[in-house]
Amino acid sequence: MFLLALFGFGTKAGIMPLHVWLPEAHPAAPSHVSAVMSGVMIKTGIYGLLRTLTFLGQPPAWWGWVLIGVGAASGIMGVLMALSQRDLKRLLAYSSVENIGIICLGLGLGLLGISTHNPALAALGLAGGLLHVWNHALFKSLLFLGAGAVVHATGTRDIERLGGLLKKMPTAGITFFIASAAICGLPPLNGFVSEVLIYVASYTGVADATSLSSVVVAGMVAVLCLAMIGGLAAACFTKAFGLAFLGSARSLQADDVHQTPAVMVFPLVVLASLCVVGGLSGGLVLWVV
(Lines give C-alpha, C1' and ligand atoms only; values in the text may rest on other atoms or scores of the structure.)
Protein backbone atom coordinates (compact mmCIF):
# COMPACT_ATOMS: atom_id res chain seq x y z
CA MET A 1 0.00 0.00 0.00
CA PHE A 2 2.82 2.40 0.80
CA LEU A 3 4.59 1.71 -2.50
CA LEU A 4 1.36 2.04 -4.49
CA ALA A 5 0.58 5.33 -2.77
CA LEU A 6 4.11 6.56 -3.43
CA PHE A 7 3.82 5.59 -7.10
CA GLY A 8 0.41 7.21 -7.62
CA PHE A 9 0.82 10.34 -5.54
CA GLY A 10 4.49 10.59 -6.53
CA THR A 11 3.46 10.82 -10.19
CA LYS A 12 1.12 13.67 -9.25
CA ALA A 13 3.92 15.38 -7.29
CA GLY A 14 6.52 14.91 -10.03
CA ILE A 15 9.16 12.81 -8.29
CA MET A 16 11.92 11.21 -10.35
CA PRO A 17 11.48 9.14 -12.54
CA LEU A 18 7.72 9.84 -12.69
CA HIS A 19 8.22 13.50 -13.53
CA VAL A 20 8.13 13.31 -17.33
CA TRP A 21 4.77 15.07 -17.70
CA LEU A 22 5.77 18.07 -15.61
CA PRO A 23 8.36 19.86 -17.81
CA GLU A 24 6.05 19.39 -20.79
CA ALA A 25 2.92 20.71 -19.06
CA HIS A 26 4.37 23.90 -17.55
CA PRO A 27 5.63 25.53 -20.78
CA ALA A 28 2.35 24.68 -22.52
CA ALA A 29 0.20 26.38 -19.86
CA PRO A 30 -0.27 30.13 -19.34
CA SER A 31 2.08 31.41 -16.66
CA HIS A 32 -0.61 32.03 -14.04
CA VAL A 33 -1.83 28.45 -14.58
CA SER A 34 1.75 27.20 -14.24
CA ALA A 35 1.95 29.07 -10.92
CA VAL A 36 -1.13 27.23 -9.63
CA MET A 37 0.10 23.89 -11.01
CA SER A 38 3.49 24.16 -9.34
CA GLY A 39 2.43 26.01 -6.20
CA VAL A 40 -0.74 24.04 -5.44
CA MET A 41 -1.52 21.11 -7.73
CA ILE A 42 1.66 19.06 -7.40
CA LYS A 43 1.49 19.54 -3.61
CA THR A 44 -1.77 17.56 -3.57
CA GLY A 45 0.44 14.55 -4.33
CA ILE A 46 2.42 15.19 -1.15
CA TYR A 47 -0.82 15.74 0.78
CA GLY A 48 -2.30 12.50 -0.54
CA LEU A 49 0.81 10.54 0.41
CA LEU A 50 0.78 12.02 3.92
CA ARG A 51 -2.90 11.23 4.40
CA THR A 52 -2.27 7.65 3.27
CA LEU A 53 0.58 7.30 5.77
CA THR A 54 -1.77 8.22 8.62
CA PHE A 55 -3.83 5.04 8.20
CA LEU A 56 -1.03 2.58 7.34
CA GLY A 57 0.13 2.21 10.94
CA GLN A 58 3.59 2.40 12.45
CA PRO A 59 6.06 3.07 9.60
CA PRO A 60 9.01 0.69 9.23
CA ALA A 61 12.44 2.24 8.72
CA TRP A 62 12.61 1.30 5.03
CA TRP A 63 9.72 3.68 4.25
CA GLY A 64 11.90 6.55 5.42
CA TRP A 65 14.83 5.26 3.39
CA VAL A 66 12.70 4.99 0.25
CA LEU A 67 11.56 8.60 0.62
CA ILE A 68 15.12 9.77 1.31
CA GLY A 69 16.31 7.95 -1.82
CA VAL A 70 13.49 9.37 -3.91
CA GLY A 71 14.14 12.83 -2.49
CA ALA A 72 17.87 12.66 -3.18
CA ALA A 73 17.36 11.52 -6.77
CA SER A 74 14.62 14.08 -7.47
CA GLY A 75 16.52 16.93 -5.84
CA ILE A 76 19.87 16.39 -7.52
CA MET A 77 18.64 15.29 -10.95
CA GLY A 78 15.91 17.94 -11.01
CA VAL A 79 18.31 20.82 -10.44
CA LEU A 80 20.85 19.35 -12.89
CA MET A 81 18.16 19.20 -15.57
CA ALA A 82 17.11 22.75 -14.70
CA LEU A 83 20.69 23.97 -15.16
CA SER A 84 20.75 22.80 -18.78
CA GLN A 85 17.54 24.56 -19.88
CA ARG A 86 17.26 27.66 -22.06
CA ASP A 87 13.46 27.84 -21.82
CA LEU A 88 12.72 29.83 -18.66
CA LYS A 89 9.50 27.96 -17.84
CA ARG A 90 11.06 24.52 -18.43
CA LEU A 91 13.87 25.56 -16.09
CA LEU A 92 11.30 26.43 -13.41
CA ALA A 93 9.43 23.17 -14.03
CA TYR A 94 12.54 21.07 -13.42
CA SER A 95 13.22 23.19 -10.35
CA SER A 96 9.82 22.06 -9.01
CA VAL A 97 11.06 18.47 -9.27
CA GLU A 98 14.08 19.53 -7.23
CA ASN A 99 11.95 21.07 -4.50
CA ILE A 100 9.66 18.04 -4.32
CA GLY A 101 12.88 16.13 -3.67
CA ILE A 102 13.73 18.43 -0.74
CA ILE A 103 10.23 17.88 0.69
CA CYS A 104 10.64 14.09 0.35
CA LEU A 105 14.00 14.28 2.14
CA GLY A 106 12.32 15.97 5.11
CA LEU A 107 9.40 13.52 5.16
CA GLY A 108 11.79 10.57 4.89
CA LEU A 109 13.79 11.78 7.89
CA GLY A 110 10.52 12.28 9.77
CA LEU A 111 9.36 8.72 9.06
CA LEU A 112 12.77 7.38 10.05
CA GLY A 113 12.49 9.31 13.32
CA ILE A 114 9.05 7.82 14.01
CA SER A 115 10.21 4.27 13.25
CA THR A 116 13.30 4.58 15.48
CA HIS A 117 11.42 6.41 18.29
CA ASN A 118 13.51 9.56 17.86
CA PRO A 119 11.01 12.38 18.49
CA ALA A 120 13.41 15.23 17.67
CA LEU A 121 14.29 13.72 14.28
CA ALA A 122 10.61 13.01 13.55
CA ALA A 123 9.41 16.50 14.50
CA LEU A 124 12.18 18.41 12.72
CA GLY A 125 12.03 16.31 9.54
CA LEU A 126 8.25 16.50 9.19
CA ALA A 127 8.18 20.19 10.15
CA GLY A 128 10.85 21.06 7.58
CA GLY A 129 9.16 19.06 4.83
CA LEU A 130 5.68 20.44 5.52
CA LEU A 131 6.91 24.02 5.86
CA HIS A 132 8.76 23.68 2.56
CA VAL A 133 5.44 22.75 0.92
CA TRP A 134 4.11 26.20 1.85
CA ASN A 135 7.33 28.05 1.14
CA HIS A 136 7.72 26.49 -2.28
CA ALA A 137 4.13 27.46 -3.09
CA LEU A 138 5.08 31.11 -2.46
CA PHE A 139 8.39 31.48 -4.22
CA LYS A 140 7.66 29.15 -7.14
CA SER A 141 4.36 30.91 -7.84
CA LEU A 142 6.30 34.18 -7.76
CA LEU A 143 8.89 32.79 -10.20
CA PHE A 144 6.27 31.60 -12.67
CA LEU A 145 4.37 34.89 -12.51
CA GLY A 146 7.69 36.69 -13.01
CA ALA A 147 8.39 34.48 -16.01
CA GLY A 148 4.92 35.37 -17.29
CA ALA A 149 5.76 39.06 -17.00
CA VAL A 150 8.96 38.47 -18.98
CA VAL A 151 7.12 36.54 -21.70
CA HIS A 152 4.41 39.23 -21.86
CA ALA A 153 7.02 41.98 -22.21
CA THR A 154 9.35 40.27 -24.70
CA GLY A 155 7.39 37.47 -26.38
CA THR A 156 10.10 34.86 -25.75
CA ARG A 157 10.98 32.32 -23.05
CA ASP A 158 14.54 31.79 -24.34
CA ILE A 159 16.83 33.27 -21.69
CA GLU A 160 19.71 33.35 -24.19
CA ARG A 161 17.74 35.98 -26.15
CA LEU A 162 16.98 38.19 -23.14
CA GLY A 163 19.19 40.47 -21.04
CA GLY A 164 19.05 43.95 -19.55
CA LEU A 165 15.44 43.57 -18.39
CA LEU A 166 16.12 44.85 -14.87
CA LYS A 167 16.44 48.44 -16.17
CA LYS A 168 13.17 48.19 -18.10
CA MET A 169 11.17 46.00 -15.69
CA PRO A 170 12.59 46.87 -12.23
CA THR A 171 9.68 45.55 -10.14
CA ALA A 172 9.54 42.22 -11.99
CA GLY A 173 13.34 41.97 -11.81
CA ILE A 174 13.60 42.68 -8.07
CA THR A 175 10.77 40.29 -7.17
CA PHE A 176 12.27 37.59 -9.42
CA PHE A 177 15.58 38.09 -7.62
CA ILE A 178 13.90 37.71 -4.22
CA ALA A 179 12.24 34.47 -5.35
CA SER A 180 15.53 33.20 -6.80
CA ALA A 181 17.31 33.83 -3.49
CA ALA A 182 14.46 32.18 -1.58
CA ILE A 183 14.49 29.04 -3.71
CA CYS A 184 18.25 28.74 -3.14
CA GLY A 185 17.62 28.67 0.63
CA LEU A 186 19.38 31.96 1.36
CA PRO A 187 18.56 33.93 4.54
CA PRO A 188 16.60 35.93 5.50
CA LEU A 189 13.95 34.48 3.13
CA ASN A 190 11.39 31.74 3.68
CA GLY A 191 13.22 28.96 1.82
CA PHE A 192 16.03 29.19 4.37
CA VAL A 193 13.72 28.43 7.30
CA SER A 194 12.36 25.15 5.99
CA GLU A 195 15.69 23.94 4.61
CA VAL A 196 17.53 24.71 7.83
CA LEU A 197 14.94 22.62 9.72
CA ILE A 198 15.76 19.65 7.47
CA TYR A 199 19.47 20.31 8.02
CA VAL A 200 18.96 20.35 11.80
CA ALA A 201 16.93 17.13 11.53
CA SER A 202 19.86 15.53 9.68
CA TYR A 203 22.36 16.72 12.29
CA THR A 204 20.05 15.47 15.06
CA GLY A 205 19.98 12.01 13.51
CA VAL A 206 23.77 11.93 13.33
CA ALA A 207 24.30 13.33 16.85
CA ASP A 208 21.72 11.23 18.73
CA ALA A 209 22.81 7.84 17.44
CA THR A 210 25.62 6.02 19.22
CA SER A 211 26.95 3.94 16.32
CA LEU A 212 26.96 3.88 12.53
CA SER A 213 23.27 3.03 12.40
CA SER A 214 20.78 3.67 9.61
CA VAL A 215 19.82 6.97 11.25
CA VAL A 216 23.41 8.21 11.15
CA VAL A 217 23.80 7.20 7.50
CA ALA A 218 20.45 8.79 6.62
CA GLY A 219 21.47 12.05 8.29
CA MET A 220 24.79 12.14 6.44
CA VAL A 221 23.11 11.34 3.10
CA ALA A 222 20.52 14.08 3.66
CA VAL A 223 23.16 16.70 4.55
CA LEU A 224 25.27 15.78 1.51
CA CYS A 225 22.27 15.90 -0.84
CA LEU A 226 20.96 19.19 0.55
CA ALA A 227 24.38 20.77 0.19
CA MET A 228 24.67 19.61 -3.43
CA ILE A 229 21.11 20.74 -4.23
CA GLY A 230 21.70 24.14 -2.63
CA GLY A 231 24.94 24.76 -4.54
CA LEU A 232 23.48 23.67 -7.87
CA ALA A 233 20.30 25.71 -7.28
CA ALA A 234 22.43 28.80 -6.63
CA ALA A 235 24.25 28.24 -9.93
CA CYS A 236 20.96 27.60 -11.76
CA PHE A 237 19.19 30.74 -10.58
CA THR A 238 22.29 32.90 -10.91
CA LYS A 239 22.21 31.84 -14.56
CA ALA A 240 18.46 32.41 -14.93
CA PHE A 241 18.40 35.85 -13.29
CA GLY A 242 21.70 36.99 -14.75
CA LEU A 243 20.91 36.07 -18.35
CA ALA A 244 17.36 37.43 -18.23
CA PHE A 245 17.73 40.62 -16.21
CA LEU A 246 21.38 41.72 -16.12
CA GLY A 247 23.76 42.91 -18.82
CA SER A 248 22.41 44.28 -22.08
CA ALA A 249 19.73 43.08 -24.49
CA ARG A 250 20.86 40.23 -26.74
CA SER A 251 17.97 40.41 -29.20
CA LEU A 252 15.45 42.86 -30.60
CA GLN A 253 12.76 41.18 -28.45
CA ALA A 254 14.64 42.05 -25.26
CA ASP A 255 15.34 45.56 -26.53
CA ASP A 256 11.74 46.38 -27.49
CA VAL A 257 9.97 45.63 -24.18
CA HIS A 258 6.26 46.15 -23.54
CA GLN A 259 5.42 47.74 -20.18
CA THR A 260 4.12 45.36 -17.52
CA PRO A 261 0.58 46.35 -16.45
CA ALA A 262 -0.14 47.00 -12.78
CA VAL A 263 -2.48 44.01 -12.58
CA MET A 264 0.54 41.76 -13.28
CA VAL A 265 2.89 43.65 -10.97
CA PHE A 266 0.64 43.58 -7.88
CA PRO A 267 0.76 39.78 -7.24
CA LEU A 268 4.54 39.85 -7.71
CA VAL A 269 4.90 42.39 -4.91
CA VAL A 270 2.49 40.51 -2.62
CA LEU A 271 4.27 37.15 -3.05
CA ALA A 272 7.72 38.71 -2.68
CA SER A 273 6.58 40.37 0.57
CA LEU A 274 5.31 37.01 1.86
CA CYS A 275 8.68 35.40 1.07
CA VAL A 276 10.42 38.06 3.16
CA VAL A 277 7.88 37.88 6.01
CA GLY A 278 8.09 34.07 6.02
CA GLY A 279 11.85 34.27 6.45
CA LEU A 280 11.88 36.97 9.13
CA SER A 281 9.11 35.37 11.21
CA GLY A 282 9.94 31.71 10.65
CA GLY A 283 8.99 30.61 14.16
CA LEU A 284 5.54 32.14 13.93
CA VAL A 285 4.97 30.72 10.45
CA LEU A 286 6.02 27.25 11.62
CA TRP A 287 3.63 27.46 14.57
CA VAL A 288 0.77 28.43 12.25
CA VAL A 289 1.54 25.61 9.81
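Remember, it's a predicted structure, so these values are computed and weren't measured experimentally.

Reading the values: rules and limits
- Residues numbered from 1 in each chain as written.
- Predicted model: local features only at pLDDT ≥ 70, side-chain atom pairs only at ≥ 80, totals over all residues.
- Heavy atoms only, no water.
- Helix = DSSP H or I, 4+ residues; strand = E, 2+ residues; numbered from the N terminus.
- Buried < 20%, exposed > 50% of the residue type's maximum accessible area, 1.4 Å probe, protein only.
- Contact = heavy atoms within 4.5 Å.
- Axes fitted to C-alpha atoms, helices over the stretch in contact; angles between N-to-C directions.
- Parallel < 35°, antiparallel > 145°, perpendicular 65-115°, else oblique.
- Nonpolar A, V, L, I, M, F, W, Y, C, P; charged D, E, K, R; others polar.
- Core = buried A, V, L, I, M, F, W, Y, C linked by side-chain atoms within 4.5 Å.
- Polar contact = N/O pair within 3.5 Å; in protein donor to acceptor, adjacent residues only side chain to side chain.
- Patch = residues over 30% accessible without salt bridge, like charges linked within 9 Å, V, L, I, M, F, W, Y side chains within 5 Å.
- Areas by Shrake-Rupley, 256 points an atom, 1.4 Å probe, with all protein chains shown as cover.
- Salt bridge = Lys/Arg side-chain N within 4 Å of Asp/Glu carboxyl O.

**Q** Explain the environment of Pro23 to me, please; I cannot follow it from the model alone.
**A** When you line up the elements, Pro23 lands in helix H2 (residues 22–28). Taking relative accessible area as the criterion, Pro23 reaches 1% and is therefore assigned buried. Between the alpha carbons of Pro23 and Arg90 there is a distance of 5.4 Å; along the sequence they are 67 residues apart. Setting aside residues no more than four positions away along its own chain, Pro23 makes contact with Arg90, Ala93 and Tyr94.

**Q** Honestly, the packing of helix H9 (residues 170–183) against helix H11 (residues 214–245) in this entry has me stumped. Any pointers?
**A** When two helices pack together, you describe them by how their axes are tilted relative to each other and by the distance separating the axes. Following both chains from N to C, one finds H9 and H11 inclined at 170 degrees, their axes separated by 10 Å at the closest point. Here H9 lies roughly antiparallel to H11, going by the angle between them. On H11, the residues touching Ala172, Gly173, Phe176, Phe177, Ser180 and Ile183 of H9 are Phe237, Phe241 and Phe245. Residues of the contact of H9 with H11, tallied by class, amount to seven nonpolar, two polar and no charged.

**Q** I'm lost on unusual backbone geometry in this one. Help?
**A** Negative phi characterises most residues that are not glycine, and trans characterises most peptide bonds. The omega torsion across Met16 and Pro17 is 0 degrees, close enough to zero to call that bond cis. Mapping Pro17 onto the fold places it in the loop between helix H1 (2–13) and H2. Of note, the bond from Pro187 into Pro188 is cis; its omega dihedral lies within 30 degrees of zero at 5 degrees. As for its position among the elements, Pro188 is in the loop between H9 and helix H10 (190–208).

**Q** It is not clear to me how the nonpolar core should be interpreted in this structure. Could you clarify?
**A** A general tendency of soluble globular proteins is for nonpolar side chains to be buried together. Within the largest apolar cluster, 40 residues are counted, with the highest numbers of intra-cluster contacts made by Met169 and Phe237. Listing elements by their share of this core, those giving two or more residues are helix H5 (61–83), helix H6 (88–115), helix H7 (119–154), H9, H11 and helix H13 (262–280). It is H7 that provides the largest number of residues to this core, a total of eight residues. Not counting residues up to four positions away in its chain, the partners in contact with Phe237 are Leu91, Leu92, Ser95, Leu143, Ser180, Ile183, Cys184 and Gly242. Membership of the second largest hydrophobic core comes to 24 residues, among which are Leu67, Ile100, Cys104 and Leu111.

**Q** Can you walk me through the side chain of Ser180 in this structure?
**A** Mapped onto the fold, Ser180 is located in helix H9. Of note is the side chain of Ser180, whose polar atom sits 2.8 Å from the backbone oxygen of Phe176. Among all residues touching Ser180, those that are not within four sequence positions of it are Leu143, Phe237 and Phe241.

**Q** Please explain a nonpolar patch on the surface as it appears in this structure.
**A** The grouping of Met1, Leu4 and Phe55 at the surface amounts to a nonpolar patch, some 410 Å² of accessible area in total. With respect to the element layout, Phe55 can be found in the loop between helix H4 (43–54) and H5.

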